[in-house]
Amino acid sequence: MRRVRLRRKSVLINLALATAMVTGAGFAYAAVDDGGGSSPSTRTRTGKVTKGTVMATVSATGSLASPSDVGIGFTAAGKVTAVRVKVGDAVTAGQVLAEVDPTQAQEALDAAESAVAVAQANLTKARAGTPVQPNGGGGNDGGSGNQYSDVRNTVLRGTVDGSGAVPTATPTTAPPRSTSTPAAQPHPTVTVTVTKAATATPTPSTTVDAAAVTQAEAALVTADNKLADAQRVLAGCVLKAPSAGVVASVAGKVGDTVSASAATSSGSSSGAGGASGSTGGQGQSGSSGSSTTASGFVVLANPTGMQTKVSFSEADAGKVEAGQPATVTLNVDSTVRLNARVVSVNPLPDGGASAGSVKYGATIALEGDVSSLRTGQTANISVIVAVAENALQVPSAAVTGTGATASVRVLSNGVEQRRTVTVGVVGDQTTQIVSGLAEGDEIVVGTTAVSATGGATAGRSGQSTRGGTTGGAGLGGGGVIPGGAGGGGFPGGGTR
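Rules of the game
Residues numbered from 1 in each chain as written. Predicted model: local features only at pLDDT ≥ 70, side-chain atom pairs only at ≥ 80, totals over all residues. Heavy atoms only, no water. Helix = DSSP H or I, 4+ residues; strand = E, 2+ residues; numbered from the N terminus. Contact = heavy atoms within 4.5 Å. Areas by Shrake-Rupley, 256 points an atom, 1.4 Å probe, with all protein chains shown as cover. Pairing = 2+ DSSP bridges. pLDDT = per-residue confidence, 0-100. Expected span 1.5 Å × (residues − 1). Axes fitted to C-alpha atoms, helices over the stretch in contact; angles between N-to-C directions. Parallel < 35°, antiparallel > 145°, perpendicular 65-115°, else oblique. Left-handed = near helix turned anticlockwise from the far one by under 90°. Salt bridge = Lys/Arg side-chain N within 4 Å of Asp/Glu carboxyl O. Core = buried A, V, L, I, M, F, W, Y, C linked by side-chain atoms within 4.5 Å. Buried < 20%, exposed > 50% of the residue type's maximum accessible area, 1.4 Å probe, protein only. Polar contact = N/O pair within 3.5 Å; in protein donor to acceptor, adjacent residues only side chain to side chain.

(A) Examining the overall build of the protein chain more closely. Looking only at helices and strands, the protein chain features six helices and 26 strands. In the protein chain, the proportion of contacts linking residues at least 24 apart, taken out of those at least 6 apart, comes to 72%. When the accessible area of the protein chain is evaluated, it comes to approximately 29,600 Å², of which 54% is carbon and sulfur surface.

(B) Focus on the sheet that holds strand 11 (residues 238-240). Within the open sheet, the four strands sit side by side as 11-6-4-13. Their pairing is antiparallel. With one partner strand each, in any of the chains shown, strand 11 and strand 13 (257-258) form the two edges of the open sheet. Across three bridges, the pairing between strand 6 (residues 96-100) and strand 11 is antiparallel. By the bridge assignment, Ala98 is partnered in strand 11 with Leu239.

(C) Molecular detail of the pairing of strand 22 (residues 407-412). Here strand 21 (residues 399-400) pairs with strand 22 via two bridges, running antiparallel. Looking at strand 22, one finds that Thr400 is bridged to Ser407. Note: strand 22 against strand 23 (residues 415-420), six bridges, orientation antiparallel. Bridging across to strand 23, Ser407 finds its partner in Thr420.

(D) A look at the confidence of the model for the protein chain. Per-residue pLDDT for the protein chain has a mean of 73; in total, 60% of the residues score no lower than 70. Every residue in residues 136-164 is under pLDDT 50, and counting partners more than four places away or in other chains gives 41 contacts. Residue range residues 268-292 is modelled with pLDDT below 50. Its contacts to residues more than four positions away, or to other chains, number 59 contacts.

(E) Quick peek at helix 2 (residues 103-128). The terminal C-alpha atoms of helix 2, which comprises 26 residues, lie 39 Å apart, in line with the 38 Å expected from a rise of 1.5 Å per residue. Each element contacted by the buried residues of helix 2 is listed here: helix 3 (210-235). Backbone geometry just after helix 2 places Gly129 at a positive phi near 80°.

(F) Region of interest: the packing of helix 2 against helix 3. As a packed pair, helix 2 and helix 3 sit with axes 8 Å apart at the nearest point and diverge in direction by 160°. With respect to helix 3, the element helix 2 is oriented roughly antiparallel. Crossing of helix 2 over helix 3 shows left-handed handedness.

(G) Geometry of the pattern of salt bridges. Under the criterion given, the structure shown has eight salt bridges. Lys253 is the partner of Asp256 in a salt bridge, and the nearest nitrogen-oxygen pair spans 3.3 Å. The closest approach of N and O atoms between Arg419 and Asp441, which form a salt bridge, is 3.6 Å. Of this pair, Arg419 sits in strand 23 while Asp441 sits in the loop between strand 25 (430-435) and strand 26 (442-450); the two residues are 22 residues apart in sequence, bridging distant segments of the chain.

(H) How the structure looks around the environment of Gln231. Of note, Gln231 is situated in helix 3. Sequence-wise, Gln231 and Ala112 are 119 residues apart; in three dimensions their C-alpha atoms are separated by 9.2 Å.

(I) How the structure looks around the nonpolar core. Formed by 22 residues in total, the largest nonpolar core has its most connected members in Phe312, Val328, Ile364, Leu373, Ile381 and Val383. Where this core is concerned, the elements lending two or more residues are strand 2 (50-65), strand 16 (307-313), strand 17 (325-330), strand 18 (333-349), strand 19 (359-366) and strand 20 (378-395). Setting aside residues no more than four positions away along its own chain, Leu373 makes contact with Leu64, Pro303, Met306, Leu330, Leu338 and Leu366. One finds Ala76, Leu97, Ala98 and Ala105 within the second-largest nonpolar core, a separate group that totals 19 residues.

(J) Main features of unusual backbone geometry. Positive phi values are uncommon outside glycine, yet Asn390 reaches one of about 50°. Structurally, Asn390 is set in strand 20.

(K) Local environment of the environment of Ala251. Along the polypeptide, Ala251 turns up in the loop between strand 12 (245-250) and strand 13. Overall, Ala251 belongs to the partly exposed group, its relative accessible area being 22%.

(L) Quick peek at helix 3. Spanning 26 residues, helix 3 covers 38 Å between terminal C-alpha atoms, matching the ideal 38 Å at 1.5 Å per step. Along helix 3, the residues that are buried comprise Val213, Ala216, Leu220, Ala223, Leu227 and Ala230. The elements touched by buried residues of helix 3 are helix 2. Two or three places before Ala211, at the start of helix 3, stands the capping residue Asp209, its side-chain oxygen 3.1 Å from that residue's backbone nitrogen.

(M) Layout of the side chain of Thr329. Residue position: Thr329 is located in strand 17. The residues touching Thr329, leaving out its near neighbours within four places in the chain, are Ser334, Val336, Arg337, Thr378, Ala379 and Asn380.

The following block contains the structure:
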């Protein structure tokens, strides 16, 4: 008997709950229904004309890279004999990073020095020329064949007076002797003078071949250049840091054989290479591409001058100019906002663009402290292309039309009227009003359509207390369903 009473009581409670639910649903339907059957209702959203900063931006995403990142490679081929750093080490400019066996480089330098010496001797010889011997003469007056043909021997008797005449010799007579002794016959004494005309000794002449001199000079220049190359190669057997930084990678170990490569590669180039086993090359510069990672036997990272290269759509690229400010956020920490500036905009489209998707590249340089940033981090860029400070502004949704046809709906004493306005900067969320409105004017931002089902749902979703006055908060603080009705439909556990 007692069980029957309990069952009856339970049935009565369930009937009462069912009746309450049906009644609440009826109230909700009546509140939403506007008399047009199932037609949706609308809610007008209004706002005020205010003053503030209107900002227009364009956005893009790219990866950080530093032009100060540098990859260093050996300029000499050989076996690695020492690696003095590891990844993560901080190094200073000029610090030794690694070394290779200099034997081959020293031999090449010795050969280059010898070639320079030979080239210098050949040039000296060419400039000296070839001596030319004079031809033999016909001899003296007597045809003796003496090469000094102008030399004459003159035999004069007596005294030569310079006139060319030969005077008669004057005999000398012995003193008289006794008659008893026969007198000796006098012998005339003749004085002979031989005179040779003085002549200058000729100097042998030389002939210089201009073509031979030019050829020797060119050979010396070539030899000097090869010597300079050999000196650089020998110096490149010791790898030194060109600047301060942190070791980002080391492409080999002691015992590896490396090939000669470009001395350095910057962060804006791309390449491939490395040292491996006994035959692996390292750090050779590859073809330029979209990669912004430096390559080499040792790569040094340096965030100084951190920047990113991004691409903007055709419409946005026309608004971007060098010098414009920008903000940067990183995926690794979106709460950090960094200042940046547009460095350049490429006037040519990006390669591989198809019709309807033309993009133009721009370089964005970060400002301020970038010591904690790393190459490769994803950066979200917002370039400020236009800004108006202390300007009259309205929500952009309140403006319809463009140019001379731009207008805003204004509420005056509860009456809505459309007013033509002059628009300035069109920002991301607000639009500058140059004329046509005054600060404080009430404007219509838009209308929201709410169906009967949607209104009931909004009422339920907005319910947080039993029958509170804010039951309609699900519609933004008000709506078609008043707070009391919306909250009173399903008190508390209205889903039961």
